[in-house]
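Examining the three-dimensional arrangement
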Amino acid sequence: MVSGFERDKRLALPVAEQAGWHAVDSRAVDTVRLLAADAVQKVGNGHPGTAMSLAPLAQLLFQNVLRHDPNDDQWLGRDRFVLSCGHSSLTLYIQLYLTGYGLELSDLEAYRTWGSVTPGHPEHRHTRGVEITTGPLGQGLASAVGMAMAARRERGLLDPEAAPGASPFDHHVYVIASDGDMMEGVSSEAASLAGHQELGNLTVFYDSNHISIEDDTDVSFSEDVPARFAAYGWHVQSVDWTHTGAYVEDVDALLAATEAARQETGRPSLIMLRTLIGWPAPTKQNSGKAHGSALGEDEVAATKTLLGFDPAQHFTVEDEVLAHTRKAADRGRRAHAEWDQAFAAWRTANPARATLLDRLRAQRLPDGWTDVLPSFPADAKGMATRAASGEVLSALAPVLPELWGGSADLAGSNNTTMTGEPSFIPPDRQTKDWKGGPYGRTLHFGIREHAMGAVLNGIALQSLTRPYGGTFLTFSDYMRPAVRLAALMKLPATYVWTHDSIGLGGRPHPPAGRTPRRPARHPGPGRGAPRRRQRDHRLLAHRPGAHGPTRRSDPVPAEPARPGPRQRGVRPGSGGCPGRIRPRRRRGRRAAGRHPGRHRLRGAPRAGGPCPAGGRGPGGAGGLDALPGVVRRPAPVLPRPGPAARGAGTGECGGSGRPGLARGGRRRRTHRQPGALRRFRGLPAVVQRVRHHPQAIAAAARDSIHDSRRPARPGGYQGTSTAAGAEQATGADRRNLPAFACRPR
């Protein structure tokens, strides 16, 4: 204790007699709280509150529960720890420092700064002792399900005959999750799968503090989480540190629940822990202000005073505290030595399996594995690539026992089943068509693509087996967050994505190219474009900014595009400006290289002079060069004025002609657009005009930020940058500028 300062007696000390804690353990817990507050306060941003209230849980795990060795963070027999609420990264970083994983106090002082090993979220391969990258909520919990599944599969490969808990490959997976993790859908998918798989080696601590960035979660979240997990088939317990009316951190009750979870081998376990976020900060505990921002100098100083620390000192760690917590390294070394004896006995009794383990740990493929690959002679009838993929998987099954996987309820369609291989499933879950057991090889993810991606990450993080998962290409969008994390962590997960429906079509397989990751081949403008594809592209067009190039090899046309078959030409120099394209079949020969201004638009002003569309109108603002380059190449057509320009008496070109259709008049349809396609009419006209060029669509959509149906936001002009000089317009001039969005009918 710091000389001259004493802990406020109104604050109850943790109850930890059964845990064997002494005064120095309680002092270590308080040190953790203040290190979290100081680290966030120093950098000016972060999440201090959860790390403060979870300090007793973190201390209990790293000092009493986890089997881990700070001297060897890759020890095969270690328990895995997953901080699913990665925003509370200090919960993990501080423990890695106190227990001796190589982090120093200076690393905590460099929290969230460039080049530090303590970034804002735990990063796998970046910080020693971090098992998984956790940022998007729910992903850590879902990946932990994969870790637990992989542990069971590895035991089946290497030591299936051992009694439960007696194998050197038995270990536990512990997770800390938050209210946000429980809200995310991926955690629900994965928890359902974990309950079905009866993963008794998985324990989740749910920190139920009822606070998120928007403060009390009652505004959006009121379900009974323990009841939901019980329905999934989990073993559920609750520990409430607020049930007495005062806040008492009952560490013994938490330890008892943890031991009960370890003894439950037939079900995964959930322990709901009721805490007060930010405790014991005097004014910001139990509030959203303690969740996602620095507490403030005064609040941090007041908290230090309550806990008996010098408020003028920062990042205080007493020698006695550090020496005590670093004893975890000695305990880990002894546990590792005991495990080595059991492991050596296993190697002696299982030489063939030991050879397999050595190969898996070295990440080396067996000699001659390519000899079993099938060949596919030329066939006039052809062969589906997914069928060939299925044959390759079946051929590799005998020589690559580490390869396993399945699909999201699409085994027959994706061809992801290895012929003759059993299912990974509890014995009482077998069906007539799918036989197997707890150590099987064929995975059944169910219709859970998002969870499948995260589970594959957890399996790959074990570094011994190689997982794959299959679904239709379009459903890969459901997996995108997990796939992104796999790329960041450089994981060897394999995705079997089939049924790219360029040739298939149909509702379950919408057209490929819905995102820049999978661009589609768009037909060019003009005669001959299939009608169905035109409709598909209108659906694409209503998603602003969602499109990249048609193909990376497809150049944007160098010459202005000719009008399509349903567009009517206009007189040269007519000042073709805002308005709708009048439907009419094009006649005559192709007029290559015509000026964009030749396309007649109904209701355009006819006065002469420079016009943004290239016509002759007096006093135009900007001209064609003001448009994005990729929009300039197809014929750019600015939209008609919206309500902001009605009654102004001035067209877009500054002439005295009619401002498009702003004053009324009969509106014409450019196309018949049933159902959802009508949304296309709400797009800016320039987007409609260039819909056949995805690059142009993207540029125009990015440039279209004004919605005439919404009131103007305070603080400045929110029109488009398409017309040069718009940014310089002020006052009444801005009000007279046309809206950049057509109003939908």
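Note that the coordinates shown come from a computational prediction; the quantities given were computed from them, not determined experimentally.

On to the pattern of salt bridges, then. The tally for this structure, following the rule as stated, stands at 20 salt bridges. As a salt-bridge pair, aspartate 30 and arginine 7 come within 2.8 Å of each other at their nearest N and O atoms. On the criterion of sequence distance, the pair formed by aspartate 30 in helix α1 (residues 23-43) and arginine 7 in the segment before α1 is long-range, its members being 23 residues apart. Considered together, aspartate 30 and arginine 7 belong to a single accessibility category, that of buried residues. Taken together, the shared-partner salt bridges in this structure form one network comprising Arg7, Asp30, Arg33 and Glu249.

This part covers the nonpolar core. If you look at the biggest cluster of nonpolar residues, it comprises 62 residues, and the most contacted ones within it are Leu61, Leu90, Ile176 and Leu254. Broken down by element, the residue count for this core peaks at eight residues, all from α1. If we ignore the near neighbours within four places in the chain, the residues touching leucine 61 are Leu66, Phe81, Ile176 and Phe205. In terms of nonpolar packing, the next biggest core, distinct from the first, is built from 50 residues, Tyr206, Met452, Ala460 and Leu491 among them.

Here we take up the environment of valine 392. With respect to the helices and strands, valine 392 occurs in helix α15 (residues 385-396). A residue is classified by how much of its surface remains accessible, and valine 392, at 24% relative accessible area, is partly exposed. In this structure the C-alpha to C-alpha distance between valine 392 and serine 375, which are 17 residues apart in sequence, comes to 9.2 Å. Setting aside residues up to four positions removed in sequence, valine 392 forms contacts with Leu373, Pro374 and Phe376.

As enumerated under the stated definition, the model contains 16 aromatic pairs in all. On the numbers, 6.3 Å between centres and 80 degrees between planes, the contact of phenylalanine 169 with phenylalanine 343 is edge-to-face. Of this pair, phenylalanine 169 sits in the loop between α6 (139-158) and β2 (173-178) while phenylalanine 343 sits in helix α13 (residues 327-349), placing them 174 residues apart in sequence. Among the residues examined, phenylalanine 169 registers a relative accessible area of 4% and is labelled buried. Overall, phenylalanine 343 belongs to the buried group, its relative accessible area being 11%. Relative to tryptophan 279, the ring of tyrosine 247 lies with its centre 5.0 Å away and its plane at 45 degrees, an arrangement referred to as tilted. With tyrosine 247 in the loop between β6 (235-240) and α10 (251-263) and tryptophan 279 in the loop between β7 (269-274) and α11 (297-307), this pair connects stretches of sequence that are 32 residues apart.

Reading the values: the criteria
- Residues numbered from 1 in each chain as written.
- Predicted model: local features only at pLDDT ≥ 70, side-chain atom pairs only at ≥ 80, totals over all residues.
- Heavy atoms only, no water.
- Salt bridge = Lys/Arg side-chain N within 4 Å of Asp/Glu carboxyl O.
- Helix = DSSP H or I, 4+ residues; strand = E, 2+ residues; numbered from the N terminus.
- Buried < 20%, exposed > 50% of the residue type's maximum accessible area, 1.4 Å probe, protein only.
- Core = buried A, V, L, I, M, F, W, Y, C linked by side-chain atoms within 4.5 Å.
- Contact = heavy atoms within 4.5 Å.
- Phe/Tyr/Trp six-rings, centres within 6.5 Å; stacked < 30°, edge-to-face > 60°.

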